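# Fold and contact review
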Amino acid sequence: MASWILEDDCLVPDRQIRIDYRGPNPFRLYSVVPQLLRAIWDIRGKDVWEREFRWDITSEPIPFFSRFVIRKTYDNWSKIYSELIMQGKQPTDPNKEGEVSIIIRGILRTESPSNTIIQKSGIYKSLRWLYFRTLYNDVRRNLLQECRIKAGDLSGEIRKALGISPEVVAR
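Criteria and cut-off values
- Residues numbered from 1 in each chain as written.
- Predicted model: local features only at pLDDT ≥ 70, side-chain atom pairs only at ≥ 80, totals over all residues.
- Heavy atoms only, no water.
- Helix = DSSP H or I, 4+ residues; strand = E, 2+ residues; numbered from the N terminus.
- Buried < 20%, exposed > 50% of the residue type's maximum accessible area, 1.4 Å probe, protein only.
- Contact = heavy atoms within 4.5 Å.
- Areas by Shrake-Rupley, 256 points an atom, 1.4 Å probe, with all protein chains shown as cover.
- Lys, Arg positive; Asp, Glu negative; His and termini not counted.
- Charge placed at Lys NZ, Arg CZ, Asp CG, Glu CD.
- Patch = residues over 30% accessible without salt bridge, like charges linked within 9 Å, V, L, I, M, F, W, Y side chains within 5 Å.
- Salt bridge = Lys/Arg side-chain N within 4 Å of Asp/Glu carboxyl O.
- Core = buried A, V, L, I, M, F, W, Y, C linked by side-chain atoms within 4.5 Å.
- Expected span 1.5 Å × (residues − 1).
- Polar contact = N/O pair within 3.5 Å; in protein donor to acceptor, adjacent residues only side chain to side chain.
- Pairing = 2+ DSSP bridges.

Along the protein, the regular secondary structure elements total four helices and six strands. When the helices and strands of the protein are listed from N to C terminus, the series reads β-β-α-β-β-β-β-α-α-α. Overall, the C-alpha framework of the protein stretches about 65 × 35 × 25 Å when taken along its three principal axes. Across the 171 residues in the protein, those meeting the buried criterion constitute 37%. For the protein, the share of sequence-separated contacts (at least 6 apart) that also reach a separation of at least 24 residues comes to 65%. Of the roughly 10100 Å² that the protein leaves accessible, carbon and sulfur atoms contribute 52%. Separation of charge centres in the protein, based on 28 positive and 22 negative side chains, amounts to 6 Å.

Written out as structure tokens, the structure reads:
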């Protein structure tokens with residue numbers, strides 16, 4: 001299926017938000033993340049995936065890795081995909097000090113199919129370009145701003161769940 005795709009990083013110029021935590025029971029965040037993602041992004045459970053999970057009980061402290069991906073659909077063309085990666089070490093005794101690094105990323109993806117003969121014609125492509133360049137450009141800018149705000153809100157909620165001080169995020 002051929003498509004015309006625009007993809008923008010929501011968190012430019014840094015491309016990601018990073019949170020480092022060192023303290024007791026860092027793995028407790030794992031059970032909170034799916035609910036945080038659904039609440040902050042205002043999505044249903046079917047739009048949150050745990051793409052990857054690794055847990056190795058053969059060593060002490062126990063290393064873990066988890067990757068969550070969400071999809072927020074706005075209209076026929078645009079979706080935001082956000083990814084949250086957690087990687088750290090959890091001691092078997094949750095009161096001992098462990099560590100976790102959390103990375104939050106987001107992209108805005110706008111896709112217009114080019115499947116039919118009409119959609120492949122030069123006139124259609126010109127009209128589509130004009131529409132996306134003039135009218136839909138403001139919509140995309142607002143969606144990028146919303147993505148930035150929600151990623152910052154997610155960062156704040158994660159910091160609150162871990163009990164670390166909030167960081168001021170530029171909006």
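Now that the structure is up, let's keep going.
This next bit is on unusual backbone geometry. The amide bond that connects V12 to the next residue, P13, takes the cis arrangement and shows omega of 5°. Mapped onto the fold, P13 is located in the loop between β1 (3–9) and β2 (17–24). Of note, the amide linkage connecting E60 to P61 takes the cis form, showing an omega dihedral of -5°. One can find P61 in the loop between β3 (48–55) and β4 (62–73).

Attention shifts here to a nonpolar patch on the surface. Together, I123, L127, W129 and L130 give the surface a local cluster of nonpolar side chains, amounting to about 460 Å² of exposed area. Of note, W129 is situated in helix α3 (residues 122–134).

This part is about the nonpolar core. Judged by nonpolar contacts, the single largest core of 31 residues is most densely connected at L37, W41, L84, I102, I104, L154 and I158. Sorting the residues of this core by element identifies β2, α1 (29–41), β4, β5 (78–90), β6 (97–113) and α4 (136–162) as the ones contributing at least two each. Looking at this core element by element, the count peaks at seven residues for α4. With residues up to four places along the chain from it excluded, the contact list for I104 reads L11, R15, Q16, I17, S82, E83, L84, A151, L154, S155 and I158.

We now examine α4. For α4, spanning 27 residues, the distance from its first C-alpha to its last is 39 Å, which sits close to the expected 39 Å at 1.5 Å a residue. Count one or two residues on from α4 and you reach G163, which has phi positive near 80°.

Now for the side chain of Q90. Tracing the chain through its elements places Q90 in strand β5. A polar contact is formed between the side chain of Q90 and the backbone nitrogen of F27, at a distance of 2.9 Å. Apart from the residues lying within four places of it in its own chain, the contact partners of Q90 are N25, P26, F27, W55, P61, I62 and F64.

Sheet faces and side chains relate simply in a regular strand, where the side chains alternate between the two faces. One ladder, built from twelve bridges, connects β4 with β5; its direction is antiparallel. Looking at the pairing, R71 lines up with Y81 of β5. Hairpin connection of β4 to β5: four residues between the antiparallel strands. Looking at chain direction, β5 and β6 are connected through twelve bridges and run antiparallel. Residue pairing across strands places K79 opposite R109, the latter belonging to β6. Hairpin connection, β5 to β6: the antiparallel pair is bridged by six residues.

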